[in-house]
Amino acid sequence: MAPLARSVLVTGSNRGIGLELVRQLAEMTDPPEHIFATCRNPEGPKGKALHDLADKHPNIHVIQLEVESQSSVESAVPAVESHLKGKGLNLLINNAGVNSYATLQTVERQEMLSAFNTNVVGPIFVVKEFVPLLRRAANEMGTEEMSCSKAAIINVTSKLASIERGFEVFHGPMYPYRASKVALNMVTVCLAMEMKADGILCTLIHPGWVKTDMGTDQAPMTVQDSVQSILKVLPTLSSSSTGAFLDWEGKRLPW
Ligand SMILES: NC(=O)c1ccc[n+]([C@@H]2O[C@H](COP(=O)([O-])OP(=O)(O)OC[C@H]3O[C@@H](n4cnc5c(N)ncnc54)[C@H](OP(=O)(O)O)[C@@H]3O)[C@@H](O)[C@H]2O)c1
């Protein structure tokens, strides 16, 4: 089987879904040549699990990337480029995110701004800085068809951002989280529109309700199952999935 992509970058990869994405990518029978596992504090205690994994797989490159810091995002680009040796970056997965259960009564301005900073502003500026490398990857591929092996941006969103399903969810209003993920959804549609001419696929994926620090132990799905399923969906994406809002099984979610 052909590799999913020659090179993949994952944000927020020191724990949860991001760490499991890196683990399963590295353990594929035909793994990517380069896995850029980024996180905001790789040298701190929270980076240990990722370093342990990287020690076993020489294709994992651990790179500092705090999505809220412009200087950190900018510094990550040459760090990635130095491994690519003139080639482009095929797949960028904007996974880093923060949750909040704030209600109207408890929500604070700073919490709203902070969720938007991580969940919306972060991915926009990560894409803005990495798009030259994604364009380079798209140009290297002779085919017209969009795919994750050519050039793609996957933004990890949530079903909780579905406005049509807004009343079906019983976690309380979660103003910062839900509003920021709705904004991420629109950002992704805008990116899909703008990147179409470059042949770069842009798709939203909801990973399911998953047992991580964010999803808590109450979640019905293990992180292994969620990521296994997402990694089956990614190779199936094509031009018809650009701008789509999908779940971990590739099913379309209502906006
Ligand atoms: N788990 C679920 O049930 C669920 C459901 C729907 C959607 N999602 C989405 O899936 C993604 C991953 O969630 P998860 O469950 O794996 O969450 P998690 O276990 O809480 O992990 C979040 C990751 O994001 C990183 N992060 C947070 N702020 C960051 C920043 N400013 N810069 C760089 N990295 C940052 C964290 O790094 P630190 O360790 O440094 O904090 C951590 O690596 C998120 O986008 C989330 O919204 C999750």
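Coordinates for the structure precede this section.
Treat the numbers as computed from the prediction; the structure is a model and nothing was measured.

Peer 1: What am I meant to see in the site of the ligand here?
Peer 2: Taken together, 30 residues are adjacent to the ligand, and N14, R15, E66, Y177 and T212 come closest. E66 has a polar side-chain atom sitting 2.6 Å from a nitrogen atom of the ligand. Summarising the interface, the protein chains cover 97% of the accessible area of the ligand, which totals 900 Å² for the free molecule. Among the elements of the structure, α1 (16-26) and α5 (175-195) are those that each provide at least two residues to the shell around the ligand. When grouped by side-chain class, the residues that make up the shell around the ligand number 11 nonpolar, 12 polar and 7 charged.

Peer 1: Would you mind showing me how to read the environment of A179 here?
Peer 2: Here A179 shows up in helix α5. Remark: the alpha-carbon pair of A179 and L25, spanning 154 residues in sequence, is separated by 31 Å. What A179 contacts, discounting residues up to four positions off in sequence, is M112, F116 and M174.

Peer 1: Got a minute to help me understand the sheet that holds strand β5 (residues 152-156) in this structure?
Peer 2: Pairing in this open sheet of 7 strands is parallel, and the strands run β3-β2-β1-β4-β5-β6-β7 from one edge to the other. Lying at the two open borders of the sheet, with one neighbouring strand each, are β3 (60-64) and β7 (245-247). This sheet shows a mean twist of 20° between the axes of neighbouring strands, independent of strand direction. Across 4 bridges, the pairing between strand β4 (residues 91-94) and β5 is parallel. Looking at the pairing, L92 lines up with I153 of β5. Against the sheet, helix α4 (residues 109-140) makes contact with β1 (7-10), β4 and β5, and its axis sits at roughly 175° relative to β4, the strand it touches most.

Peer 1: Explanation requested: the nonpolar core in the structure shown.
Peer 2: Soluble globular proteins tend to pack their nonpolar side chains together in the buried interior. L91, I93, C148 and L234 are the most contacted members of the largest nonpolar core, which has 37 residues in total. Of all the secondary structure elements, the ones that give two or more residues to this core are β1, α1, β2 (34-39), α2 (48-56), β4, β5, β6 (201-206) and α6 (223-233). Ranked by the residues each element gives to this core, the list is headed by α1, at 6 residues. Contact partners of I93, with chain neighbours within four places excluded, come to V8, L9, V10, T11, L21, I154, V156 and L234. Judged by nonpolar contacts, the second largest core, of 29 residues, contains F36, V67, V77 and A138.

Peer 1: Is there a simple way to explain the pairing of β4 in this structure?
Peer 2: A regular strand places its side chains on the two faces of the sheet in alternate fashion. Every second residue of β4 is oriented toward a common face, with L91 and I93 on one face and L92 and N94 on the other, all of them buried. As paired elements, β1 and β4 share 3 bridges and run parallel to each other. The partner of V10 across the bridge, within β4, is I93. Read from β4 through α4 to β5, the crossover connection turns out right-handed.

Scoring rules and cut-offs
Residues numbered from 1 in each chain as written. Predicted model: local features only at pLDDT ≥ 70, side-chain atom pairs only at ≥ 80, totals over all residues. Heavy atoms only, no water. Near = heavy atom within 4 Å. Polar contact = N/O pair within 3.5 Å; in protein donor to acceptor, adjacent residues only side chain to side chain. Areas by Shrake-Rupley, 256 points an atom, 1.4 Å probe, with all protein chains shown as cover. Helix = DSSP H or I, 4+ residues; strand = E, 2+ residues; numbered from the N terminus. Nonpolar A, V, L, I, M, F, W, Y, C, P; charged D, E, K, R; others polar. Contact = heavy atoms within 4.5 Å. Pairing = 2+ DSSP bridges. Axes fitted to C-alpha atoms, helices over the stretch in contact; angles between N-to-C directions. Core = buried A, V, L, I, M, F, W, Y, C linked by side-chain atoms within 4.5 Å. Buried < 20%, exposed > 50% of the residue type's maximum accessible area, 1.4 Å probe, protein only. Right-handed = clockwise from strand over helix to strand, strands pointing away.

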